[in-house]
Amino acid sequence: MKTLTATEYNFPGQTKVYHGKVRDVYTIGKETLVMVATDRISAFDVVLPKGIPFKGQILNQIAAKFLDATTDICPNWKRATPDPMVTVGAACEGFPVEMIVRGYLCGSAWRAYKNGAREICGVKIPDGMKENQKFETPIITPTTKAEQGMHDEDISKEEIIRQGLVSAEDYAVLEKYTLALFERGTKMAAERGLILVDTKYEFGKHNGEIYLMDEIHTPDSSRYFYAEGYAERFANGEPQRQLSKEFVREWLMENGFQGKEGQAVPEMTEAVVNGISERYIELYEHITGEKFVPAEDGGEHLKERIEKNVLAYLNK
């Protein structure tokens, strides 16, 4: 099955290109971004050696749906989706932090808590909590937005403001938008029988106004539990049924890889790759309530299809 793991386009008016971990971003002039969601997959800040069929299309379409569903909360960068794997939008000057919001104690926060941490990013966590327990109110645990190849680092609100990464006034807006977006995402997930456990948002400025950037509420940026059976599994101390990229991290950890020096990525067999793809499709169908339909020309002509659709949009 054909996957898109690298792009090298040269669009009219292109001024620069940025190859991220999973997305390739082409800047057109000064105002426009063409973001291509590739089929690359990363975990522990490492891009894994094989692409995942349909992953780019799934992430792009979920993000587009949630961006469209939250424009009443805050403005966002999206203008159009000329191809199932592409979003075109406004170029923003990004804040160098990611706003991570957590409704439940799990993932890296649970791992830190289990090792004795009772404060994460300046937020105090009470004693006696269990894995996957719901917080009384969602907490925001920001990270720095690292350069390529570097790890994001936990940071407190106070430190962000002290270092001048974000002004106190702007941070107050980011906090407000983050909690409102998480509340909307939680409500939309609940309508589909899911729990939005945690997620991250990125913001930037466009013409002096704070915009929501990038993807939102996708399995790459969020963690979902199935609502059905959550309480019973929690009471019994059993793992939750979840839809997120955490299962990829767990598979890597089980095979001795956590992105540390000297560790090798385990072999990604066809069965592993297809299994990951099926989980992404499962999340798409659950969170959108729609049947996933693979885009046409998704085989040998995938790169050409994307180029044709983007050119048609830019030439309008």
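Relevant structure appears above.
Just so you know, these numbers come straight off a predicted model, no measurement behind them.

Engineer: Just checking my understanding: could you explain the overall build of the chain for this structure?
Structural biologist: When its secondary structure is counted, the chain shows eight helices and 17 strands. Taking 2.2 N^0.38 as the reference for a compact globule, 316 residues should give roughly 20 Å; the C-alpha atoms of the chain span a radius of gyration of 19 Å, in line with that estimate. With the C-alpha coordinates aligned to their principal axes, the bounding extent of the chain is approximately 60 × 50 × 45 Å. Taken over 316 residues, the chain has a buried fraction of 49%. Within the chain, counting contacts between residues at least 6 apart in sequence, those at least 24 apart form 64% of the total. Counting only carbon and sulfur atoms, one obtains 48% of the accessible surface of the chain, whose full area is about 15,400 Å².

Engineer: What is the right way to look at the sheet that holds strand β2 (residues 23-28) in this model?
Structural biologist: Each strand in a sheet pairs with its neighbour through backbone hydrogen bonds, running either in the same direction (parallel) or in the opposite one (antiparallel). Strands sit in the order β1-β2-β3-β7-β6 across an open sheet of five strands; the sheet is antiparallel. Of all the strands in the sheet, the pair left with one neighbour each is β1 (14-19) and β6 (78-83). The average undirected angle you get between the axes of adjacent strands in this sheet is 20°. Against the sheet, helix α1 (residues 55-68) touches β3 (32-37), β6 and β7 (86-90), its axis set at about 145° to β6. Its contacts with the sheet place helix α8 (residues 302-314) against β2, β3, β6 and β7, and it is angled at close to 135° to β6.

Engineer: Looking at this structure, how should I read the pattern of salt bridges?
Structural biologist: Pairs may arise between side chains of opposite charge once their charged atoms sit close together. Following the criterion strictly, the structure yields 20 salt bridges and no others. Measuring nitrogen to oxygen at the nearest pair gives 3.0 Å for the salt bridge that ties Asp220 to Lys55. Here Lys55 lies in helix α1 and Asp220 lies in the loop between β15 (209-213) and β16 (222-226), a separation of 165 residues in the sequence. Its relative accessible area of 12% is what places Asp220 among the buried residues. Across the pair Lys205 and Asp170 runs a salt bridge whose closest N-O atoms are separated by 3.0 Å. With a gap of 35 residues between them, Lys205 in strand β14 (residues 194-206) and Asp170 in helix α4 (residues 168-191) connect regions that are remote in the sequence. Among the residues examined, Asp170 registers a relative accessible area of 16% and is labelled buried. Overlapping salt bridges, with partners in common, bring together Glu98, Lys145, Lys200 and Glu202 in one network.

Engineer: I keep staring at the packing of aromatic side chains and nothing clicks. Help me out?
Structural biologist: The description of an aromatic ring pair uses the distance of the two centres, along with the angle that the planes make with each other. As enumerated under the stated definition, the model contains 12 aromatic pairs in all. Ring plane angle 55° and centroid distance 5.9 Å describe the contact between Tyr9 and Tyr26, whose orientation is recorded as tilted. On the criterion of sequence distance, the pair formed by Tyr9 in the segment before β1 and Tyr26 in strand β2 is long-range, its members being 17 residues apart. An aromatic cluster is built from Tyr104, Phe225, Tyr230 and Phe234, whose rings are joined through pairwise contacts. Here the guanidinium or amino end of Arg241 rests over the ring plane of Tyr226, the centre of that ring lying 3.8 Å away.

Engineer: So what exactly am I meant to see when it comes to the side chain of Thr70 here?
Structural biologist: Relative to the elements of secondary structure, Thr70 occurs in the loop between α1 and β6. The class for Thr70 is buried, based on a relative accessible area of 0%. Excluding anything up to four places from it in sequence, Thr70 contacts Leu181, Arg184, Leu212 and Ile216.

Engineer: Just checking my understanding: could you explain the side chain of Thr218 for this structure?
Structural biologist: Within the fold, Thr218 resides in the loop between β15 and β16. Engagement of the side chain of Thr218 in a polar contact is seen with the side chain of Glu215, the distance being 3.3 Å. What Thr218 contacts, discounting residues up to four positions off in sequence, is Leu59, Ile62 and Ala63.

So, how was this worked out
Residues numbered from 1 in each chain as written. Predicted model: local features only at pLDDT ≥ 70, side-chain atom pairs only at ≥ 80, totals over all residues. Heavy atoms only, no water. Helix = DSSP H or I, 4+ residues; strand = E, 2+ residues; numbered from the N terminus. Rg over C-alpha atoms; globule rule 2.2 N^0.38 Å. Buried < 20%, exposed > 50% of the residue type's maximum accessible area, 1.4 Å probe, protein only. Contact = heavy atoms within 4.5 Å. Areas by Shrake-Rupley, 256 points an atom, 1.4 Å probe, with all protein chains shown as cover. Pairing = 2+ DSSP bridges. Axes fitted to C-alpha atoms, helices over the stretch in contact; angles between N-to-C directions. Salt bridge = Lys/Arg side-chain N within 4 Å of Asp/Glu carboxyl O. Phe/Tyr/Trp six-rings, centres within 6.5 Å; stacked < 30°, edge-to-face > 60°. Lys NZ or Arg CZ within 6 Å of the ring centre and 35° of its normal. Polar contact = N/O pair within 3.5 Å; in protein donor to acceptor, adjacent residues only side chain to side chain.

Nothing here speaks to function; it is geometry throughout.
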